[in-house]
Structure formats: structure tokens, C-alpha cells
Amino acid sequence: MPPIELDERASEAALAIQATIPKPPKVAVVLGSGLGALANRLADRTIVPYAKIPHFPRPTVEGHEGNLVSGTVAGAPLLVFQGRFHYYEGYGLDEVTFPIRVMKRLGVRTLILTAATGGIDLSLPAGTIVCLKDHLNLIGSNPLRGPNDERVGKRFPDMTEVYSHRLRDLAFEEADKLGLNLASGVYACLPGPSYETPAEIRMLRILGADVVGMSTVPEAIVARHAGLDVLALALVTNAAAGVSGEIISHADVVEAGLKATPLIGALIEGVVQRLDAEDRQGTA
Ligand SMILES: O=P(O)(O)O[C@H]1O[C@H](CO)[C@@H](O)[C@H]1O
Ligand code: HPA
């Protein structure tokens, strides 16, 4: 898909959203597997089903509802993408990252990505929340492949700091307030949909990965290209293949996501409130 056409699609989608949400929040969250209930924590909700947004793909995976929800958390505005798209669903990376291109046009400046992941590092048991410090893009392609749209970002965007140091510091401060032991780690993105083999997990550990999943990285790359600040919170829903010997199932992943929703929700709310306070003081 040439970039101009993609740009037009994203602009049309943004215009349609603005018909219902005229002043979209500047902070957006993409919810990972099993974390959809986070959207229910918002007050003053306006819901736009993805099906009502032109050119928007439809989620096909259990645990990804397919709604754009605008609302507030303790008075702070937040835009929630309840459901994401994955490469393994058959979507191209243009479609996987379409919501990021749309939110850029809506005026979003900060993106919080959430994801369900397998824990590679033995010190990261199920239930741990990991604040990403870096990633390994092992999906076999790049969402910026193809002609570059210079109006959005550079041909060769720097990726030294994909996950904003400022936002990470903020997340750790808010985690402290909640008494939450937030971990820090590197996310390896594989195409899926099969889970990894134990040998692949040993390889990923040698490569420096702490958690593994099938999303997040394409979205983070497109967001950085477009100049958004990115924070990513990965929930460890299971021990990665071969780590505990337990079988991995998506039903268990979704259940673990549901269980952790109150905690990860409280952390996100703390971060969003801090960003709102900074915005009001004109420091963001
Ligand atoms: O990354 P999210 O969307 O949270 O989902 C994770 O959970 C699914 C596998 O159970 C995969 O889609 C993996 O990427
Ligand atoms: O173990 C996993 N591997 C890949 N993706 C995942 N998403 C949740 N758990 C996993």
C-alpha cells in the first residue's frame, strides 16, 4: 500500500472518530490479551466500535473486543484501544499498526502499550508486570517497510530510546506508590501464532530477551517514527516454553490478564494522572 493511500485511510478513520469524539485525549492505551476489562474502569465513556470506523481492521482473537473507548480516569482523559491486531491473524504490518497512524492524526502524544507475555527470565513469574526498556524485533519484517511518508517521520528513525526514559521513571514512581514491584526487561517479538519451543526460548534468553510475545514491537516502531512517546507494560501471563514445563494455552493467558487487570489498571491510572497534571502545568 503506498504511503499516500495509507495516509488517506488513516485521515478518514480519524475524521470519523472525531465526529463522535471531537476532542480526543492526548494519551492512548492499547490493551493486550485479557486486559480488555481495563476499559470498563473509565468514567464518562464514549464507545466507538472498530466496525464503525472506516478502514479499521477487526480483531479475530479471543480477549480483544474491538472498541475505541474515550473517557476519564480520576478526571484525566484517556483513549483506550480495546483490542489490537496481530501479524499472525493474517494482517499486514500496515494494518497491525493502523491504530497508531490514526491516533497520531487524532493528536495523541503519549502511547501506553500493554501486552500478555511469556516469562523467559526465571525471576519473572506469572503475574509480574514488566516495564519494557528495549525490544528485539524478530517478526521478520518492519512496519516502516515501503516508501516513507516524510510528513510523518524520517526514512531512518533512530531507535536508541524506543521506550521513553521519562515515562519509565514515572511508571516506577507510580508503582512504588502502589507497593508494586515493577520489573524491567527486554521484549522479544515473534510472529506467532504457535508458541515458542523450549529451544527457541533458550535462544531468546541468550539474545537478551526477558519476555516474549507476538505484538507491541510493530506498534512501538510506528509510534516512534511518528514522534509519539511510548511506555510499554508487559504482563507475564505464563512461564515461557520449557521454563516450568507447563503447557501454554491462550485461555490461561486471557485468564491471567483478567486477574491482573486491577493492578495494571491502577498503575496505568497513576501514570495517566501524572501526565494530565504535567499537561495542565504546561510541562508535558
Ligand atoms: O500481545 P497480546 O495482544 O497481549 O497477546 C499475546 O497473547 C497471545 C497469545 O496468547 C498473542 O497474541 C500474544 O501476543
Ligand atoms: O509464552 C508466550 N509466548 C508468546 N506470546 C505470548 N503471549 C502470552 N504468553 C506468550
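For the structure, check the block above.
For clarity, every value in this text was computed on a predicted model and none was experimentally measured.

*Asks:* Describe a nonpolar patch on the surface, with residues and values.
*Replies:* Taken together, the side chains of Leu-138, Met-203 and Leu-207 define a hydrophobic patch exposed on the protein surface, amounting to about 250 Å² of accessible area. Residue class for Met-203 comes out partly exposed when judged on its relative accessible area of 42%.

*Asks:* So what's going on with the site of ligand 2? Which residues, and what values?
*Replies:* Taken together, Ala-116, Thr-117, Gly-118, Tyr-195, Glu-196, Val-212, Gly-213, Met-214, Thr-237, Asn-238, Ile-248 and Val-253 make up all the residues around ligand 2. Within the backbone of Gly-118, an N or O atom sits 3.4 Å from a nitrogen atom of ligand 2. Here Glu-196 contributes a side-chain N or O atom positioned 2.8 Å from a nitrogen atom of ligand 2. Protein contacts shield 95% of the accessible area of ligand 2, which totals 260 Å² for the unbound molecule. Only strand 5 (110-119), strand 8 (211-213) and strand 9 (229-239) provide two or more residues apiece to the shell around ligand 2. Among the residues making up the shell around ligand 2, the classes are represented as six nonpolar, five polar and one charged.

*Asks:* Can you lay out the side chain of Ser-164 for me, pointing to particular residues and giving the numbers?
*Replies:* By the secondary structure assignment, Ser-164 is in the loop between strand 6 (129-137) and helix 4 (165-178). At 3.3 Å, the side chain of Ser-164 forms a polar contact with the backbone nitrogen of Arg-166.

*Asks:* Account for the site of ligand 1, naming residues and giving values.
*Replies:* Taken together, 13 residues are adjacent to ligand 1, and His-86, Tyr-88, Tyr-195, Ser-215 and His-250 come closest. At 3.1 Å from an oxygen atom of ligand 1 is found a side-chain nitrogen or oxygen belonging to Arg-84. In the environment of ligand 1, an oxygen atom lies 2.5 Å from a nitrogen or oxygen atom belonging to the side chain of Tyr-195. Relative to its free-state accessible area of 350 Å², ligand 1 is covered by the protein chains to the extent of 96%. Those elements that place two or more of their residues in the shell around ligand 1 are strand 5 and helix 7 (250-281).

*Asks:* So, the pairing of strand 7 (residues 183-189): which residues are in play, and what are the values?
*Replies:* With respect to burial, strand 7 is a largely interior element, six of its seven residues being buried. With seven bridges connecting them, strand 6 and strand 7 associate as parallel partners. Paired with His-135 across the bridge in strand 7 is Tyr-187. Pairing between strand 7 and strand 8: three bridges, direction parallel. Residue pairing for strand 8: Cys-189 is matched across the bridge by Gly-213. As for the winding sense of the linkage, the β-α-β connection from strand 7 through helix 5 (residues 198-207) to strand 8 is right-handed.

Reading the values: rules and limits
Residues numbered from 1 in each chain as written. Chains lettered and ligands numbered in written order. Predicted model: local features only at pLDDT ≥ 70, side-chain atom pairs only at ≥ 80, totals over all residues. Heavy atoms only, no water. Patch = residues over 30% accessible without salt bridge, like charges linked within 9 Å, V, L, I, M, F, W, Y side chains within 5 Å. Areas by Shrake-Rupley, 256 points an atom, 1.4 Å probe, with all protein chains shown as cover. Salt bridge = Lys/Arg side-chain N within 4 Å of Asp/Glu carboxyl O. Buried < 20%, exposed > 50% of the residue type's maximum accessible area, 1.4 Å probe, protein only. Near = heavy atom within 4 Å. Polar contact = N/O pair within 3.5 Å; in protein donor to acceptor, adjacent residues only side chain to side chain. Helix = DSSP H or I, 4+ residues; strand = E, 2+ residues; numbered from the N terminus. Nonpolar A, V, L, I, M, F, W, Y, C, P; charged D, E, K, R; others polar. Pairing = 2+ DSSP bridges. Right-handed = clockwise from strand over helix to strand, strands pointing away.

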